[in-house]
Amino acid sequence: MYIKCSILDFACKVFDQMPQRDTVSWNAMISGYAGCGSMDLAQSIFESMPVRDAISWNSLISGYLQNGNYSKPIDLFLQMGQMGMKPDRTTFAVVLKSCSALEDIGLGIQIHGVIVRMGFDHDVVTGSALVDMYAKCKSLRESNRVFHEMPERNWVSWSAIIAGCVQNNQLLDSLELFKEMQREGIGVNQSTYASIFRSCAGLSSLRLGSQMHCHALKNNFGFDVIVGTATLDMYAKCDSLRDALRLFNVLPEHNLQSWNAIIVGHARNGQGFEALQLFRLMQRSGVGMDEISLSGVFSACAVIQGHLEGLQIHGLAIKSSFSLNICVANAILDMYGKCRALVEARNVFDSMDRRDAVSWNAIIAAYEQNGHEQETFSLFFFMLQSGMEPDEFTYGSVLKACGGWQALNSGMEIHDRIIKSGLGLDLFVGSALIDMYGKCGMMEEAEKLHERIGKQTMASWNAIISGFSSQKQSEDAQKYFSRMLDNGLTPDNFTYATVLDTCANMATIGLGKQIHAQIIKNELQSDVYISSTLVDMYSKCGNMQDSRLMFEKMHIRDFVSWNAMISGYAQHGLGEEAITVFEKMKLENVKPNNATFVAVLRACGYMGLFEEGSRYFHSMLHDYGLDPQLEHYSCMVDIIGRSGRVNEALKLINEMPLEADAVIWRTLLSVCKIHGNVQIAELAASSILQLNPQDSAAYVLLSNVYAEAGMWSEVSKMRKMMRQNGLKKEPGCSWIEVKSEVHTFLVGDKYHPEHVEIYERLNELIEEMKWAGYVPDRDHSLNDEEDEQEEQQEQLEFVL
């Protein structure tokens, strides 16, 4: 009685004062000490016993097992045999559980041989333990064989084989066995329901899970805490949080597992704030917490990028000593990485006594996600040196780093390692390789890999479509999108956003509208990423009215959607509207980023707003802490130059902290043409040609400056230099979509089947423009035909 009431001091006093002690009393003391974790005292009582029976051995063996020492029961089992004590069904059940915990199938097979030799292979308890051991040791075939050879099977046997199928990811088999169990009239229990709900969650089958919930209610398990927890976990994993929360609220009792299930469910479904609120309620309820609770709440902090919340919960984990648990430490690592707190992430990683593959993956992913590609590679090599073998998630992060850094050689070396490791046919790794080759511009390799994948997943299709899109091969991207649809796959939000981007690049508004209709049909229009891409697509296709309409309809607007709207107005010369949207963005407390200021400065440039442009440029650093990049300096050179301050524009280039690129010098050269500044134009052109001697645009622009200044001898020199260097002016190209067909035109193009009618109409328009008084600003650079004529004239003069 005292032992069962956990009052061991009183039990010990009674035991010590007993004038006679039988084996039962000795066994009771062993069991009592083992139950409270005092295995040294339990061992001491066992060794002091005058006579031991099988129960004495079983009590000690099961005590070590319950307290997490899985090797000691095996040693005691061997001693038991050496001392001539025969094991019983309980002994075998406990020892087989040790084999399961150690996942030592070799040892399990040897004990199975002893069981057969002693005739226990027909015992239902021993048989059930064997079924469980083989399944947990990842040998489901042997588990099935033992199960089907059992002469008698009870609900424990059925539960063990069903759970084994779930543990080995044979989810459909577990459901079939459950049906067979029902047909044979075996009653259901908590563990069977728990396994079946796990199967439904693994299959993401909400319909089947709901049916099983009805089955459990019908069998009076509706208010059972264990079954209820498994059910709400199933609803959460099937993305039905409303049903999960409703079930959680009607459960008569909330244990730690049910709190964990609802918290983890919210975190997994991207509802981090709700998960944090539930965690606070759990703390107030007094049920405590474990490593699963903390891992779930750290995931919630990662979802909302709640660095402050993560720091507070990290403090709680340290106080409770759970921070030493490797699963919790890995969750902390992941949280800091997603909150862009790399210093804290590295400190946690460096202080870990033991690191598993998840730890290395978390720190490598943290650096990759924050754009630190070089550190990502360094950590990957440290991981290899530590003897830890990379898995598919490690390779996924490292390949992303290769793609982001465009490190093709490193990517190819890692590809070789992947092939040697046997992961070359893994779908996740294959998609990451396609993405890496696409970002490195090796679309031919990406296509080969895509075709080689046995089962092309959504990830591989997205990778190949995104690869073509990033390389500005929009037509090929759209071709693969059509092939994906032909294969019966349903695009996700990333696919739609990528294809919409190609529509924006090609100005194919017809296709863009069709995809918009599909987005509405699939109820994806609330996705902020897709909505922002739609705003951008309509603006780039020249339809600012629909772009503004999409923007106004958005329930949530992030900086991407605001940027798309500002940039759209700026690109169409609607500077006032662009600045108005920017001011509204500030009023709604949306923090602008570098891209925002590029669009705003361009708008100021189009409108010739020197004062406003200068104010916004200085506001970047002083008000928002954003260091100006080359794009911002290029905009300022344009703004200052257009206002007639060409010397000030040159001064800005010379004083800026960054090395000027060809774009900035070309911008300066363009404003020199507007104001006829030959001296600075020559300096700008010289700087461009030092960076890229084959830049034909520099020759053309400088030639135009000379022509505007009437320096025709210099114009002639420019033309000769271009011919000598084998350079030609890039011909203008445009296209238009009419009735779902794209028509492309080059300068002087006569390949279009209707070119005669087109040029007739063009001549009519030119005559109308002349009649209206329009005088064209003719480009003074010669076209190819004029170049050839001049070259022939020079040759003739030389011969004469």
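Residues numbered from 1 in each chain as written. Predicted model: local features only at pLDDT ≥ 70, side-chain atom pairs only at ≥ 80, totals over all residues. Heavy atoms only, no water.

K.L.:
Explain the layout of surface pockets to me, and be specific about the residues and the numbers.
P.N.:
Its volume calculated, the second largest pocket comes out at about 540 Å³. Lining the second largest pocket are 22 residues; nearest its centre among them are D501, D536, K540, V560 and A564. Where the lining of the second largest pocket is concerned, the elements lending two or more residues are α28 (458–470), α30 (493–506), α32 (528–540), α34 (559–571) and α36 (594–607). In terms of residue class, the lining of the second largest pocket is built from eight nonpolar, nine polar and five charged. (1 Å grid on protein atoms, 1.4 Å probe; cavity = no way out; pocket = protein on both sides within 12 Å on 5 of 7 lines; lining within 4 Å. Points joined across faces, edges and corners; volume = space filled by probe spheres on them. Helix = DSSP H or I, 4+ residues; strand = E, 2+ residues; numbered from the N terminus. Nonpolar A, V, L, I, M, F, W, Y, C, P; charged D, E, K, R; others polar.)

K.L.:
Summarise the UniProt feature "repeat: PPR" (unreviewed entry) in the chain; cite the residues concerned and give the values.
P.N.:
Under the feature "repeat: PPR" (unreviewed entry), the UniProt entry names residues 22–52, 53–87, 154–188, 255–289, 356–390, 457–491, 558–592 and 695–729. Its end C-alpha atoms 10 Å apart, residues 255–289 is made of 77% helix and 0% strand. As a span, residues 457–491 carries 74% helix and 0% strand, and end to end its C-alpha atoms are 11 Å apart. (UniProt positions renumbered as here; feature names shortened; annotations may be inferred.)

K.L.:
Describe the side chain of T231, and please don't skip the residues or the numbers.
P.N.:
Secondary-structure assignment places T231 in helix α14 (residues 225–237). A distance of 2.7 Å separates the side chain of T231 from the backbone oxygen of V227, its partner in a polar contact. The residues touching T231, leaving out its near neighbours within four places in the chain, are F197, H213 and L247. (Polar contact = N/O pair within 3.5 Å; in protein donor to acceptor, adjacent residues only side chain to side chain. Contact = heavy atoms within 4.5 Å.)

K.L.:
I'd like a description of the packing of α36 against helix α38 (residues 630–642), backed by residues and values.
P.N.:
Where α36 contacts α38, the two axes come as close as 9 Å, and the packing angle between them is 15 degrees. When the interaxial angle is binned, α36 and α38 end up roughly parallel. Relative to α38, α36 is oriented so that their crossing is left-handed. Contacts between α36 and α38 involve N594, F597, V598, L601, R602, C604 and G605 from the former and E631, H632, C635, M636, D638, I639 and R642 from the latter. In terms of residue class, the contact of α36 with α38 is made up of seven nonpolar, three polar and four charged. (Axes fitted to C-alpha atoms, helices over the stretch in contact; angles between N-to-C directions. Parallel < 35°, antiparallel > 145°, perpendicular 65-115°, else oblique. Left-handed = near helix turned anticlockwise from the far one by under 90°.)

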